[in-house]
Structure formats: C-alpha cells, structure tokens
Amino acid sequence: MKKNILLLFLFISISAMYQSQNVGINTENPTRKLDVNGDVRVTALPNVSGNANYPMILSADRNNGNVDDVTAESFMQSDVNNVEVKRSIYNAAAADDNRECSCGNMTFRINSSNLAEIKLNSDNIFMSLNTTAFELDYGIKRWTSTYYNYFNDTVNFTTSNYSTYQMLDPEYFNSNNTIRIYTIILPKQNNLYRLTLSKLVNTPTNNTFSLICEKFYIQNL
C-alpha cells in the first residue's frame, strides 16, 4: 500500500514538473511544450470535412518546424493564388431578405422586391479617406436572354448609411434565368471584388438564387 502511494506521489510530482517545462524528443533544448526533432506520424484520424466546428488547418513553418493553426481560407491564399470566395445559394419561390453573402468589407443580397443591394461591414474606409462620404463607381454585366449588356453605376456611402443596404442595381431580377456580374474596387483597399448574382428557374414553383463573391488581392509588382 505504501509503495502504491509513493508511486502515485512520484507520478503527480513529475506531471506537475513537466506542466511548466518543455519536453523534447531527440533534442536536449526543446523550445515548445513538445519539441520533436524527427518525423511525426498520426493514424486513424476522423474525417471532419465540411464541419463548421473545424475551420482551422494545422500548418508547419518550414524554417523552424513550428506547428500552428491557420484559417482554411487563408491557407489557399498566396502570391499566385490569392482569392477569397464566399457564397449563398438557395432554392425558394421568392428572394429572401435574410439570405446574404458577406465577403471582405461588404455584404450583399437580392431583396424580397427582387433588387440587388449592398452595404459595408465597417467604417474603416471613411477613416482611411479622411471623409464622411464617398461615391463608389463599379461596372455591371447583365445577361438579357441572348447576350450581355454592360453598364456603369454608382452608390453613395456615408458614415450614416454604410451599414444599411443601398441599391446596387436599379434593374429587377423579375425575369427568369437572370445573371448579373458586378466588378467593384473599394477605395484605399487592395482588393477587387467580383459579385455574381443570379435567379435561375429550378422548378415551376421554385427558383435557385445564387450570391457569389470572389475577392482578389491586388498584387504590387
């Protein structure tokens, strides 16, 4: 009995000691809680693809071997593959005000009146421009049954209205199989946004509404 108590005491003491120290394998100078100088192998991992509770990916620094987590979105961004894609796609008889797509510093939707709308997610632009209002110019590419038409439009944002929806397109999404593409560059930001909004016939009583945002990071050459 005394021997078991002694072993338990030693185990607790060693555990407490190592909680405040780094542990190394094949290294005498560990720099992290667990520092492995060699290969690592893990088997029988569960597949959690598509699980919203697992948005991070483990990534290793090739220079020092440090393993940390990064977001799944930033993992795919590099100097040659620098794009963020967000989407909201749903089937419904009519457009839903609550179905939004947020991308970078903007959020957009097709509202229940079948109009495209846009708002900003923060007032950072106004601070960088040192102003309380600015005019955003952008291009529109509209599909009209057999061909595309091209237009330019503007929306005025102020420090009072930036967080409420403003009209992105005066043309309604009333006709079936409507596709619109908007190209937007927000001032003082190195990002180009391409928004694709569509209303496509799915069944006689349902449509497929698509809100897709591609955010490209402008590269400095």
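Residues numbered from 1 in each chain as written. Predicted model: local features only at pLDDT ≥ 70, side-chain atom pairs only at ≥ 80, totals over all residues. Heavy atoms only, no water.

1. Here we look at the state of the cysteines
Inference 1: Scanning all chains against the criterion turns up one disulfide.
Inference 2: Left unpaired, Cys-101 is separated from the closest cysteine sulfur, that of Cys-213, by 5.7 Å.
Inference 3: Residue Cys-101 is classed as buried on the basis of its relative accessible area of 2%. (Disulfide = S-S within 2.5 Å. Buried < 20%, exposed > 50% of the residue type's maximum accessible area, 1.4 Å probe, protein only.)

2. Notes on the layout of surface pockets
Inference 1: One number sums up the size of the largest pocket: a volume of about 460 Å³.
Inference 2: The biggest single contributor to the lining of the largest pocket is strand 2 (residues 34-36), with three residues.
Inference 3: Considered class by class, the residues forming the lining of the largest pocket number seven nonpolar, five polar and two charged. (1 Å grid on protein atoms, 1.4 Å probe; cavity = no way out; pocket = protein on both sides within 12 Å on 5 of 7 lines; lining within 4 Å. Points joined across faces, edges and corners; volume = space filled by probe spheres on them. Helix = DSSP H or I, 4+ residues; strand = E, 2+ residues; numbered from the N terminus. Nonpolar A, V, L, I, M, F, W, Y, C, P; charged D, E, K, R; others polar.)

3. Observations concerning the side chain of Thr-208
Inference 1: Topologically, Thr-208 is positioned in strand 14 (residues 206-217).
Inference 2: Here the side chain of Thr-208 touches Asn-91 through a polar contact of 2.6 Å, side chain to side chain.
Inference 3: Excluding residues within four positions of it along the chain, Thr-208 makes contact with Ile-89, Tyr-90, Asn-91, Ser-198, Lys-199, Leu-200 and Asn-202. (Polar contact = N/O pair within 3.5 Å; in protein donor to acceptor, adjacent residues only side chain to side chain. Contact = heavy atoms within 4.5 Å.)

4. Here we look at unusual backbone geometry
Inference 1: With a phi close to 55°, Asn-130 is a non-glycine residue in the positive phi region.
Inference 2: Mapped onto the elements of the fold, Asn-130 is located in the loop between helix 3 (124-129) and strand 9 (133-144).
Inference 3: Residue classification places Asn-130 among the exposed residues on the basis of a relative accessible area of 73%.
Inference 4: Despite not being glycine, Lys-188 has its phi angle at roughly 65°, a positive value.
Inference 5: Note on placement: Lys-188 falls in the loop between strand 12 (178-184) and strand 13 (191-203).

5. What to know about the packing of aromatic side chains
Inference 1: By the definition in use, this model includes five aromatic pairs.
Inference 2: Centre to centre, the rings of Phe-126 and Phe-134 are 5.4 Å apart; their planes meet at 55°, and the pair counts as tilted. Comparing Phe-126 with Phe-134, the two get one shared label, buried.
Inference 3: When the centroid spacing of 5.8 Å and the interplanar angle of 40° are considered together, the rings of Phe-134 and Phe-157 count as tilted. Of this pair, Phe-134 sits in strand 9 while Phe-157 sits in strand 10 (residues 147-158), and the two are 23 residues apart along the sequence. Just as Phe-134 is buried, Phe-157 falls in that class too.
Inference 4: Above the ring of Phe-151, the side-chain terminus of Arg-142 is found at 4.2 Å from the ring centroid. (Phe/Tyr/Trp six-rings, centres within 6.5 Å; stacked < 30°, edge-to-face > 60°. Lys NZ or Arg CZ within 6 Å of the ring centre and 35° of its normal.)

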